[in-house]
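In case you want the letters, here they are:
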Amino acid sequence: MPAKYLVHTSPAANRFEPITKSGIIAWEEGCLKCAVCVKKRCVYKVYEKRGLNPRQMIDSIDNLCMNCLRCVQGCPRELIHKSISPEYAAMGDDYWSPDIISKIWYQAQTGKIPVSGAGYPGPFSGPGFDSMWTDMSEIVRPTRDGIHGREYISTAVDLGGTEGALCFGEDGLVSGPEIRLLDIPLPILLRMPVSRKISPNIISGWAVAAKRLGTFLAVGAEEMVAAPESCRPFLMPILDGEVACPEGVRVVESTFSAEKDANSFKSGNDARFVCLRLPMNTGIEERVLAAARAGFSIIHIEASPNGSFLDDPGKTMKDGIRAVHLGLVEAGIRDSVTIIVSGGIAMAEHVPKSLICGADAVFVDLALLVALECRLCGRCDMDLPCPVEMDKAPPPWVAKRVVNLIGAWHNQLLEIMGAMGIRDARRMRGEAGRAMFFEELDKSTFQDLGRREEGCEIE
Amino acid sequence: MSLDWVPVVAVFYCKNVPGGGEEERHAIEKRYKGSARLYPIPCSGRLDAIHLLKALEEFADGAYVVTCPHGSCRYFEGNSWAAKRLETVRRLIESIGLEGARVGMVAESSEEPIDLSILTGEFINSISKIGPSPVLKS
Ligand code: SF4
Ligand code: SF4
């Protein structure tokens, strides 16, 4: 059994004050000058420590406040209010919500799992991954050593394909083509968000993080020069167009059409793996089948950043992955190909959910920027100054923040696997029977309502 | 006045004023380049004298506040209190020899609201007339 995989995290302070959800509105006018003001009774001494960050114009009362609302409720003249901060509400979009962004910040800063308190206040179900629930039946059986202790749960996955059956020669030994796999210790690969301009500092930090985590960083062939030489084996250059394949890498990503086969790309090349990128468009399951039959053993399916099909925002990547997986299973070639999905992986839970739907691993892209305090405000696209001076982020800090985020996600993956009673991430692939899907439950429970059986009408 | 001086104004505005959305904010910053620094606040009553003073001390030649129309504050009296605080700041900066017009407040009117973008342009114009802040020179 390989050694237990651990991600070593350590706190990496924010470079800027984070934007908090709510702000305090407190005024002096009308104050009764009570003998003991509620402000003095704040257990976190928020008002006593009040200060202003003039660079960002962020008032420390917003960041220090723990939202117990004691002061709001206690002031007899109701002079203290709490209100949602407009800057917070403006972050990201409907999918990359301010809540998701601020949780990523927290995980990148601390390397810890965010805890939201007792109960779940959110909606019962939502679109995409929010409409599925994983089976947590094993949660009633805490193991003696705990999943973070001595109990062994493997999150390792293989990249590459295996043969459908073993062949034996006359001598009784296994014959046939050699099976080659790349082993990564967790089903998460890093990926540079290609739609954005990323500074060399950040690429370098991400490459170091990929090396520390033992996974890969998919990076543009031009940008990869910024990565330290020692990180080369952990890079996956994206070769769009006729770019020469860089030396020292184990796997490359390409956008070859599925009609060509993998061997023609390698053209007597070396033992490098090729990952084929296909857009998640309508009919993706057929294209994946064709590519798998043409010999591609690693296929990356790219969905939109909002977790939907690229050509149809109404279809979610969750359904796309399930269709691809089932297509391959029906064709009897599921094990000859590794499916990696990207786009819309914004929360730790999206990793196991993608696996349950049928992916082997996921690419994390935009979340890598958010880990560096990005607010997804889109100002950089408009040539406005970046509020967090992204270009100045030092590489060691970048690496630490990304390792922290992935470390926290890895721990959450362990939690979910432990609760599901699954001890190997490879076993999780396509385990749709261990999850519940809202659409299916809705249909099976309510479909018959309002339907009249023949002959059962009430007279 | 040095020729390469670019006036910088800090505009604190209540998020409920017309043109106070995030997209409009980007458009305004793009239009006035580095001259406009915009800070949306949940309510103008949130504004403290310290916000304006710090802005004047750190980077701004002028600091302005845009509030909701009188009587329509979501928190009842936030905008009237903002006005009082602004007067305090004006007295303070005048006592140290700065022009009182470096700070100001505009209450939107419910009948004829003026877009934040236009107001920002007016603030920059008035600061251009007054000239660079002596505080920032040092
Ligand atoms: S809400 Fe609670 S933590 Fe926040 S300032 Fe008031 S008393 Fe302090
Ligand atoms: S401007 Fe900065 S914070 Fe905003 S989206 Fe771009 S990188 Fe992220």
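Residues numbered from 1 in each chain as written. Chains lettered and ligands numbered in written order. Predicted model: local features only at pLDDT ≥ 70, side-chain atom pairs only at ≥ 80, totals over all residues. Heavy atoms only, no water.

Caption draft 1: Representation of the overall build of chain A within the structure. Scanning chain A for helices and strands turns up 13 helices and 18 strands. When the backbone C-alpha atoms are referred to their principal axes, chain A occupies close to 95 × 80 × 50 Å. A sequence separation of at least 24 residues applies to 68% of the contacts in chain A between residues at least 6 apart. (Helix = DSSP H or I, 4+ residues; strand = E, 2+ residues; numbered from the N terminus. Contact = heavy atoms within 4.5 Å.)

Caption draft 2: Structural detail: the confidence of the model for chain B. Residues of chain B with pLDDT of at least 70 account for 91%, and the chain-wide mean is 83. The complex prediction reports pTM at 0.87, with the ipTM value standing at 0.79. (pLDDT = per-residue confidence, 0-100.)

Caption draft 3: Up close: the interface of chain A and chain B. Each partner contributes residues to the interface: chain A has 28 residues there, and chain B has 25 residues. On the chain A side of the contact with chain B, Trp27, Glu29 and Met57 of chain A bury the most area, a combined 26% of that side's loss. Our count for the chain A to chain B interface comes out at two salt bridges. Here Arg25 of chain B makes a salt bridge to Glu87 of chain A, at a shortest N to O gap of 3.2 Å. Applying the counting rule to chain A against chain B returns four residue pairs in polar contact (both at pLDDT 80 or more). Contributing elements (two or more residues each) for the side of chain A that touches chain B: strand S1 (22-26), strand S4 (80-84) and helix H3 (86-89) of chain A. Classifying every residue of the side of chain A that touches chain B by side-chain character gives 14 nonpolar, four polar and ten charged. (Buried area = accessible area lost by both parts, 1.4 Å probe. Salt bridge = Lys/Arg side-chain N within 4 Å of Asp/Glu carboxyl O. Polar contact = N/O pair within 3.5 Å; in protein donor to acceptor, adjacent residues only side chain to side chain. Nonpolar A, V, L, I, M, F, W, Y, C, P; charged D, E, K, R; others polar.)

Caption draft 4: Geometry of the domain arrangement of chain A. Considered domain by domain, chain A is made up of domain 1 (22-84) and domain 2 (157-442). Here the C-alpha centre of domain 2 of chain A lies 46 Å away from the C-alpha centre of domain 1 of chain A. (Domains from an automatic or database assignment.)

Caption draft 5: Inspection of the sheet that holds strand S13 (residues 251-254) of chain A at higher detail. Residues and elements named next belong to chain A. Here we have eight strands rolled up into a closed barrel, ordered S10-S11-S12-S13-S14-S15-S16-S17, and parallel in their pairing. Across the sheet, the mean angle from the axis of one strand to that of its neighbour is 25 degrees, orientation sign disregarded. With two bridges connecting them, strand S16 (residues 338-342) and strand S17 (residues 361-364) associate as parallel partners. Each bridged residue has a counterpart across the sheet, and for Val341 the counterpart in S17 is Val362. Strand contacts of helix H7 (residues 284-293): strand S14 (273-279), strand S15 (298-302) and S16, with the helix running at about 160 degrees to S14, the strand carrying the most contacts. Strand contacts of helix H8 (residues 317-330): S15 and S16, with the helix running at about 170 degrees to S16, the strand carrying the most contacts. (Pairing = 2+ DSSP bridges. Axes fitted to C-alpha atoms, helices over the stretch in contact; angles between N-to-C directions.)

Caption draft 6: Layout of the site of ligand 2. Residues in close proximity to ligand 2 include Arg196, Cys374, Arg375, Leu376, Cys377, Gly378, Arg379, Cys380, Cys386, Pro387, Val388 and Met390 of chain A, which together make up its full environment. Classifying every residue of the shell around ligand 2 by side-chain character gives eight nonpolar, one polar and three charged. (Near = heavy atom within 4 Å.)

Caption draft 7: The arrangement of the site of ligand 1 in detail. For ligand 1, the full set of nearby residues is Ile24, Cys42, Tyr44, Val46, Tyr47, Cys65, Met66, Cys68, Leu69, Arg70 and Cys71 of chain A. A breakdown of the residues in the shell around ligand 1 according to their chemical character gives ten nonpolar, no polar and one charged.

Caption draft 8: A look at the environment of Cys456 of chain A. All names here are of chain A. Within the element layout of this structure, Cys456 appears in the segment after helix H13 (438-446). Classification of Cys456 by relative accessible area gives exposed; the value is 58%. In this structure the C-alpha to C-alpha distance between Cys456 and Cys167, which are 289 residues apart in sequence, comes to 60 Å. (Buried < 20%, exposed > 50% of the residue type's maximum accessible area, 1.4 Å probe, protein only.)

Caption draft 9: Spotlight on unusual backbone geometry. With phi around 60 degrees, Asp383 of chain A is a residue other than glycine that occupies positive phi space. Inspection of the secondary structure assignment puts Asp383 of chain A in the loop between helix H10 (366-370) and helix H11 (395-420). The backbone of Lys33 of chain B sits at a positive phi, close to 45 degrees, despite the residue not being glycine. Here Lys33 of chain B is to be found in the loop between helix H1 (22-31) and strand S2 (36-41). By relative accessible area, Lys33 of chain B is classed as exposed at 64%.

Caption draft 10: Broad picture of the side chain of His325 of chain A. All names here are of chain A. Tracing the backbone through its elements, the reader meets His325 in helix H8. Under the relative-accessibility criterion, His325 is labelled buried at 8%. In terms of polar contacts, His325 uses its side chain to reach the side chain of Arg334, at 2.9 Å.

Caption draft 11: Quick look at a nonpolar patch on the surface. Residue and element names in this part refer to chain A. On the surface, Leu166, Phe168, Val174, Ile179 and Leu181 cluster together to form a nonpolar patch covering roughly 480 Å² of accessible area. Among the structural elements, Ile179 can be located in the loop between strand S8 (174-175) and strand S9 (182-184). The exposure class assigned to Ile179 is partly exposed, which follows from its relative accessible area of 38%. (Patch = residues over 30% accessible without salt bridge, like charges linked within 9 Å, V, L, I, M, F, W, Y side chains within 5 Å. Areas by Shrake-Rupley, 256 points an atom, 1.4 Å probe, with all protein chains shown as cover.)

Caption draft 12: The arrangement of the packing of H7 of chain A against H8 of chain A in detail. Residues and elements named next belong to chain A. Look at H7 against H8: their axes get within 8 Å of each other, and the N-to-C directions meet at 45 degrees. Taken together, the axes of H7 and H8 lie oblique to each other. The way H7 lies across H8 gives a crossing that is right-handed. Across the interface between the two elements, Ile284, Glu285, Val288, Leu289 and Ala292 of H7 pack against Ala323, Val324, Gly327 and Leu328 of H8. In terms of residue class, the contact of H7 with H8 is built from seven nonpolar, one polar and one charged. (Parallel < 35°, antiparallel > 145°, perpendicular 65-115°, else oblique. Left-handed = near helix turned anticlockwise from the far one by under 90°.)

Caption draft 13: Spotlight on the packing of aromatic side chains. Residue and element names in this part refer to chain A. Enumeration according to the criterion identifies seven aromatic pairs over all chains in this entry. The interplanar angle of 70 degrees and the centroid separation of 6.3 Å between the aromatic rings of Trp133 and Phe438 together place this pair among those described as edge-to-face. In this pair, Trp133 sits in strand S5 (residues 132-134) while Phe438 sits in helix H13, placing the two residues 305 residues apart along the sequence. Overall, Trp133 belongs to the partly exposed group, its relative accessible area being 23%. (Phe/Tyr/Trp six-rings, centres within 6.5 Å; stacked < 30°, edge-to-face > 60°.)

Caption draft 14: Local environment of helix H4 (residues 116-130) of chain B. Residues and elements named next belong to chain B. For H4, with 15 residues, the first-to-last C-alpha span of 21 Å sits near the 21 Å given by 1.5 Å per residue. Residues Leu116, Ser117, Leu119, Thr120, Gly121, Phe123, Ile124 and Ile127 constitute the buried set of H4. On its buried side, H4 packs onto strand S1 (9-14), H1, S2, strand S3 (62-67) and strand S4 (103-107). Immediately beyond the C-terminal end of H4, within one or two residues, lies Gly131, with a positive phi of roughly 100 degrees. (Expected span 1.5 Å × (residues − 1).)

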